[in-house]
Each structure stands twice: as structure tokens, then as C-alpha cells.
Amino acid sequence: MSETATATSTPTKPAAAKIHDTKYTRNQPYSSKVLVNDRLTGPESEKETIHIELALEEGMAYTPGDAVGILPTNRDAAVEAVLQVLGFSGTERVLDHYKVEISLEEALRTRLGIGKLARGSVTQLAKLCGENCPEGLKALLGQENKAQAEEYVWGREFIDLVKEFPGIVTEPQQLFNILQRLTPRMYSIASSQAAHSDQVHTTVRVVRYTAHGADRQGIASGHLGERAPVGAEMPIFLHENNAFRLPEDTSAPVIMIGPGTGIAPFRAFLEERQATGQKGENWLIFGEQRSVSDYLYKEQFLSMEKDGLLTKLSTAFSRDTHKKVYVQDRMQENAAEVYAWLERGAYFYVCGDASRMAKDVETALLDCIAKGCNGTLEHAAEYLACMKKNKRYQRDVY
Ligand SMILES: Cc1cc2nc3c(=O)[nH]c(=O)nc-3n(C[C@H](O)[C@H](O)[C@H](O)COP(=O)(O)OP(=O)(O)OC[C@H]3O[C@@H](n4cnc5c(N)ncnc54)[C@H](O)[C@@H]3O)c2cc1C
């Protein structure tokens with residue numbers, strides 16, 4: 001491992017963040033206008049991924065690597081269905097989390113999470129019925145029944161619970177004890193302000209699935225996918241993430257691994273480097289299911305490759321070939337080059353799925369390092385630890 005020194009040498013600091021406007025927060029969001037809401041995936045795709053552009057007020061600033069928080073509302077039909085099952089009209093008055101009086105209908109639309117069912121909601125509902133708890137509900141309580149409860153809540157929503165165990169909720173205010181707060185969802189920013197001064201862009205995968213005989217959708221991604229047309233207002237706030245930054249040394253090379261919506265911050269990085277004339281080399285590895293329908297931002301990336309901004313553009317479309325190919329396979333195929341880039345001081349970034357991809361990419365990275373330096377995996381782990389310490393290995397996974 002002759003050149004490990006590169007990995008251990010004094011790091012170039014990640015780019016300094018802009019001074020962030022703190023006027024708007026999750027509790028006091030900015031009411032932004034939707035400027036663009038376009039589907040990125042083709043009609044044949046199994047996924048529905050959309051590109052959203054939102055307007056910013058003057059003074060609102062972000063840095064590539066940051067996220068935008070979006071406050072969703074529940075669907076009218078879902079609110080109506082819950083009211084109907086509970087036998088409430090919606091005009092009943094309740095106190096919200098800040099003790100402000102609002103209608104039950106507003107509470108269910110904007111304050112309470114009536115989507116995916118939480119285990120805590122099952123427990124809280126049971127508490128309301130005390131001694132007279134139905135057997136089926138009792139069987140989901142306590143540490144000893146945790147696994148059954150986990151299985152029960154998977155794919156279910158609040159409405160399924162109150163349909164199965166009716167008559168327990170008698171007062172609208174009780175819902176504030178049973179249900180979790182409707183929380184904002186984070187989305188990696190997909191744009192650079194150097195290119196779009198008064199806008200913030202995101203790349204959103206609309207979550208849809210069928211479970212327990214009903215079609216479900218994610219609350220925020222469903223809102224953006226179905227009820228956020230151009231001109232609609234969305235409450236948003238900017239969320240700083242100093243742990244995911246382009247190198248401060250604008251000539252440092254970067255390798256970016258961004259399958260699926262993990263591509264978002266790398267579009268931001270590349271737009272930033274393009275708009276500010278940064279000279280560092282850029283290698284993007286993008287992965288999805290099919291090139292014909294799932295190649296997100298294809299034209300833009302091909303044009304960046306043509307212009308020389310993207311030194312290297314690699315893609316892995318898992319369903320295009322008989323043998324499934326993923327981003328980590330592209331890394332393995334290009335192991336010598338990955339290592340050469342690292343030895344030249346490249347920063348290595350990963351964004352996207354935390355459950356499997358991030359682990360598989362790390363394993364592939366260790367392999368590339370071990371092969372490159374003719375060393376053991378132990379040596380590679382040390383090398384990677386140095387990269388981490390020097391902020392040359394950064395992940396934004398969710
Ligand atoms: C820092 C950060 C950055 C992020 N960046 C992005 C981004 O750039 N783009 C993006 O699209 N997302 C991103 N996310 C994820 C995003 O915040 C949301 O979690 C995602 O959009 C889902 O939110 P939702 O409200 O639509 O779904 P929710 O209403 O929260 O529902 C999602 C839940 O539905 C359940 N579910 C999903 N599928 C199934 C199924 N098949 N069967 C049963 N249950 C299921 C699961 O419990 C899942 O947790 C990011 C998250 C973080 C933390």
C-alpha cells in the first residue's frame with residue numbers, strides 16, 4: 001500500500017456552507033410555490049419518480065448536500081374515511097399539539113399521521129379500553145408480543161386498526177394520544193443555487209403499494225405525486241447537512257455513487273461545479289432498473305459528459321441484462337480506476353438506499369482498495385478509515 005499516504009495526508013476541507021437563513025423552520029415553514037412537477041420515469045417503469053422545482057424567497061440559501069423538508073397533508077379521501085369509521089363529522093373542535101383550537105377535520109388533514117400505522121398507536125388504543133380490551137388487541141401488546149405487533153402494523157394504516165377494533169375511540173381529542181404527529185419528510189436537494197438562485201429542486205420516488213387489500217401511498221411522496229401541481233403551495237424549510245459536502249479544494253476529483261433517487265445530491269454537486277467553473281474531475285455512477293424508462297436526468301448527464309464536466313459516466317441498469325448489474329458491480333469492474341482516483345485524492349460519495357445498497361457499495365469499495373494496493377481487506381479497512389477521518393468518504397443514506 002505504497003501510496004496510502006494520499007489517504008492519510010492532510011485533507012482538503014469540504015466546501016464551506018453558505019450562511020443559512022434560519023427564518024423558516026419545520027415549525028414555521030415557508031409557503032413555497034411548485035414551479036415544476038414532472039415525471040422522470042417512463043410509462044413502462046415500475047417506479048414513479050418525479051422532479052420537483054420549488055420557489056424560494058430572496059435570502060433563503062442552501063448548499064449542495066443539504067435537504068429540503070416538506071410538510072405534507074393527508075389526502076381528503078383518507079381523512080373522510082377515518083371520520084366515517086369513527087362516526088365523527090369533522091366539525092368537532094380539538095386542541096392541537098400547541099393547544100390551538102382547530103376542527104377535527106383540519107387536525108386529521110394537517111396535524112396527525114393517519115398513514116402507516118405505528119406500534120405505539122396500537123398500544124395507545126388499547127390503553128383506552130382498559131380492562132375491556134378485545135383479545136385480538138391484547139395479543140399485540142407488550143414486549144413479548146413485539147414481533148406479532150410489528151407484523152400487524154406492516155402495510156396497515158390507522159383506519160385498519162379502528163375498523164378492526166371499533167367503538168374504542170369515543171372523543172375526537174383522544175386521537176392526539178393515539179396518533180403520531182404528521183412530520184415533515186426530508187428530500188436531498190437536487191439543484192445548485194449557483195445555477196438556480198431562487199429555486200430548490202428535488203427528486204422524489206412516489207411510494208405506492210398494495211397491502212391488506214388496499215392501495216396505499218406514502219404521505220409526502222403521494223402528496224407531491226398527486227396533489228402538488230404547478231402553482232400549488234407547499235410548506236417547506238431548508239435543512240443543513242454539513243456532513244455531505246463537495247471538497248473545498250475545487251480541483252479535487254470526486255466519485256459519486258447515486259442509484260435511484262440517490263442521484264439527487266449529485267445533480268446538485270455537478271450543477272455547482274459547472275456553474276462555478278470548478279476544475280476537479282467528476283465520476284458519476286448511476287443505477288436503476290431499465291435504461292429506457294428509469295434513466296433519471298439522462299439528457300443533462302449526457303450533455304455534462306459531452307462538455308467534459310463529467311470525466312466519466314457509468315450506469316448500471318439491473319433489468320436490462322439477464323444478469324442483474326448494480327452500481328457496486330460497476331465499481332468492481334473498474335476497480336483499478338477507482339483505486340487510481342482515490343490515490344489521486346478523490347472524495348467518495350454515496351447517496352440512496354441505506355438498507356442494502358450502502359453496505360454493498362462499501363464492500364465493493366473495500367475490494368477495490370484491497371485489489372489496488374495488493375493488500376488485505378484489513379489494510380483496505382484502514383485505508384477507508386483514513387478516508388473517513390479526512391472526510392473523503394461521505395454518505396447520505398436513508
Ligand atoms: C436525509 C434524507 C434524504 C432523503 N432524500 C430523499 C430523496 O431525495 N428522494 C426520495 O424520494 N426520498 C428521500 N428520502 C426519503 C423521504 O424522506 C421519505 O421517507 C419518503 O419519500 C417516504 O415518505 P412518504 O411520506 O411518502 O411515505 P410514508 O407515509 O412515510 O410511508 C413510507 C412507509 O410506508 C411503508 N411501506 C413502504 N412500502 C411498503 C410496502 N411495499 N409494504 C408495506 N409497507 C410499505 C414503510 O413503513 C415505509 O416506511 C430522504 C430521507 C432522508 C432522511
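Every value quoted in this text rests on a predicted model; they were computed, and no experiment measured them.

Rules and cut-offs
- For every chain, the first residue of the written sequence is number 1, and numbering continues from 1 along that sequence.
- The predicted nature of this model means local features are confined to residues of pLDDT at least 70 and side-chain atom pairs, given and counted, to a pLDDT of 80 or more, with totals for whole chains, interfaces and linings taken over all residues.
- Computation of side-chain values covers all heavy atoms of the structure but excludes hydrogens and water.
- Secondary structure elements follow DSSP: runs of H or I no shorter than four residues count as helices, runs of E no shorter than two count as strands, and numbering proceeds from the N terminus.
- Both definitions apply: the radius of gyration is a C-alpha atom measure, and the globule rule equals 2.2 Å times residues to the power 0.38.
- Relative accessibility thresholds used throughout: buried, under 20% of the residue-type maximum; exposed, over 50%; partly exposed, between the two (1.4 Å probe, protein chains only).
- Working rule for contacts: check all heavy atoms of both residues, and any pair within 4.5 Å makes them a contact.
- The protein chains shown are the only cover counted for residues, whose accessible areas, like all others here, come from Shrake-Rupley with a 1.4 Å probe.
- In this charge count, Lys and Arg are treated as positive and Asp and Glu as negative; neither His nor the chain ends contribute.
- The atoms used to mark charge sites are NZ of Lys, CZ of Arg, CG of Asp and CD of Glu.
- Note on definitions: angles span 0 to 180 degrees between N-to-C directions of axes, and those axes are lines fitted to C-alpha atoms, for helices only across the stretch in contact.
- By definition in this entry, angles of less than 35 degrees are roughly parallel, angles greater than 145 are roughly antiparallel, angles of 65 to 115 are roughly perpendicular, and the rest are oblique.
- Put simply, a crossing is left-handed when the front helix is turned counterclockwise from the back one by less than a right angle, and right-handed when it is turned clockwise.
- Asp, Glu, Lys and Arg are counted as charged, while Ala, Val, Leu, Ile, Met, Phe, Trp, Tyr, Cys and Pro are counted as nonpolar; the rest, among them Gly, fall into the polar class.
- Between the first and last residue of a helix there are one fewer steps than residues, each counted as 1.5 Å, and that sum is the expected span.
- It suffices for a single heavy atom of a residue to lie within 4 Å of a molecule or strand for the residue to be listed as near it.
- A 3.5 Å cut-off defines polar contacts: any pair of N or O atoms within that distance qualifies, except that in protein one atom must be a possible hydrogen donor and the other a possible acceptor, and neighbouring residues in sequence count only when both atoms are side-chain atoms.
- Boundary definitions for the domains trace back to an automatic or database domain assignment.
- For two strands to be treated as a pair, DSSP must find at least two bridges joining them.
- Buried area is calculated as the accessible area (1.4 Å probe) missing from two parts once they are joined, with the contributions of both summed.
- By definition, a salt bridge exists where a carboxyl oxygen of Asp or Glu is found within 4 Å of a side-chain nitrogen of Lys or Arg.

1. Considering the overall build of the chain
Right, on to step 1. Helices and strands together make up the secondary structure of the chain, namely 16 helices and 15 strands.
Right, on to step 2. Over its C-alpha trace the chain gives a radius of gyration of 24 Å, about what one expects of a compact globule, namely 21 Å for 398 residues.
Right, on to step 3. Counting only C-alpha atoms and orienting by the principal axes, one finds that the chain spans roughly 70 × 50 × 40 Å.
Right, on to step 4. Burial statistics for the chain: of 398 residues in total, 52% are counted as buried.
Right, on to step 5. The long-range share in the chain, meaning contacts at least 24 apart out of those at least 6 apart in sequence, stands at 76%.
Right, on to step 6. Surface summary for the chain: the accessible area is close to 18,600 Å², and the carbon and sulfur share equals 50%.
Right, on to step 7. For the chain, the distance from the average site of its 46 positive side-chain charges to the average site of its 53 negative ones is 2 Å.

2. Some remarks on the packing of helix H15 (residues 357-372) against helix H16 (residues 377-389)
Right, on to step 1. Where H15 meets H16, the axes come as close as 8 Å, and the angle between the chain directions of the two elements is 110 degrees. The pairing of H15 with H16 is recorded here as roughly perpendicular in orientation. The crossing of H15 and H16 is right-handed. Across the interface between the two elements, Glu 362, Leu 365, Leu 366, Asp 367, Ile 369 and Ala 370 of H15 pack against Leu 377, Ala 380, Ala 381, Tyr 383, Leu 384 and Lys 388 of H16.
Right, on to step 2. Split into classes, the residues belonging to the contact of H15 with H16 amount to 9 nonpolar, no polar and 3 charged.

3. So, H15
Right, on to step 1. With 16 residues, H15 ought to run about 22 Å at 1.5 Å a step, and its terminal C-alpha atoms sit 22 Å apart, in line with that.
Right, on to step 2. Listing the buried residues of H15 in full gives Met 357, Ala 358, Val 361, Ala 364, Leu 365, Leu 366, Cys 368, Ile 369 and Ala 370.
Right, on to step 3. Buried positions along H15 lie against strand E11 (254-257), helix H13 (327-333), helix H14 (335-343), strand E14 (347-352), H16 and strand E15 (393-397).

4. With respect to the site of the ligand
Right, on to step 1. Around the ligand there are 19 residues in total, and Met 186, Tyr 187, Thr 203, Ala 220 and Ser 221 lie nearest to it.
Right, on to step 2. In the environment of the ligand, an oxygen atom lies 3.5 Å from a nitrogen or oxygen atom belonging to the side chain of Tyr 209.
Right, on to step 3. Ala 220 is positioned such that a nitrogen or oxygen atom in its backbone is 2.7 Å from an oxygen atom of the ligand.
Right, on to step 4. Out of a free accessible area of 990 Å², the ligand has 73% covered by protein chains.
Right, on to step 5. Residues belonging to the shell around the ligand are distributed by class as follows: 9 nonpolar, 6 polar and 4 charged.
Right, on to step 6. When residues of the shell around the ligand are assigned to domains, at least three map to each of domain 2 (30-72 + 184-239) and domain 3 (76-178).

5. A closer look at the pairing of strand E3 (residues 67-70)
Right, on to step 1. Burial along E3 is two-sided: the face carrying Ala 67 and Gly 69 and the face carrying Val 68 and Ile 70 are both buried.
Right, on to step 2. In the sheet, E3 pairs with strand E6 (residues 185-188) via 4 bridges, with the strands oriented antiparallel. When the bridges of E6 are listed, Gly 69 appears paired with Met 186.
Right, on to step 3. In terms of strand pairing, E3 meets strand E10 (residues 233-239) through 4 bridges, oriented antiparallel. Across the sheet, Ala 67 pairs through a bridge with His 239, a residue of E10.

6. With respect to the sheet that holds E14
Right, on to step 1. On the basis of which strands lie adjacent, the open sheet formed by 5 strands has the order E13-E12-E11-E14-E15 and parallel pairing. The open sheet has two edge strands with one neighbour each: strand E13 (312-317) and E15. Direction aside, the axes of adjacent strands within the sheet are offset by 10 degrees on average.
Right, on to step 2. As paired elements, E11 and strand E12 (residues 282-288) share 4 bridges and run parallel to each other. Within E12, the residue paired with Val 254 across the bridge is Asn 282.

7. Focus on the domain arrangement of the chain
Right, on to step 1. For the chain, the assigned domains are domain 1 (4-16 + 242-397), domain 2 (30-72 + 184-239) and domain 3 (76-178).
Right, on to step 2. Measuring from the centre of the C-alpha atoms in domain 2 to the corresponding centre in domain 3 gives 28 Å.
Right, on to step 3. With 6 residues of domain 2 at the contact, the number on the domain 3 side is 6 residues.
Right, on to step 4. When residues of domain 2 are sorted by the area they lose upon contact with domain 3, His 212, Arg 216 and Ile 219 head the list and together hold 67% of the total.
Right, on to step 5. Joining domain 2 to domain 3, the criterion identifies 2 salt bridges.
Right, on to step 6. Notably, a salt bridge pairs Asp 160 with Arg 216, separated by 2.9 Å at the nearest N-O pair.
Right, on to step 7. At the junction of domain 2 with domain 3, the criterion picks out 3 residue pairs in polar contact (both at pLDDT 80 or more).
Right, on to step 8. Elements that contribute at least two residues to the side of domain 2 that touches domain 3 include exactly strand E8 (208-211) and strand E9 (214-217).
Right, on to step 9. Across the side of domain 2 that touches domain 3, the residue classes tally to 3 nonpolar, 2 polar and 1 charged.

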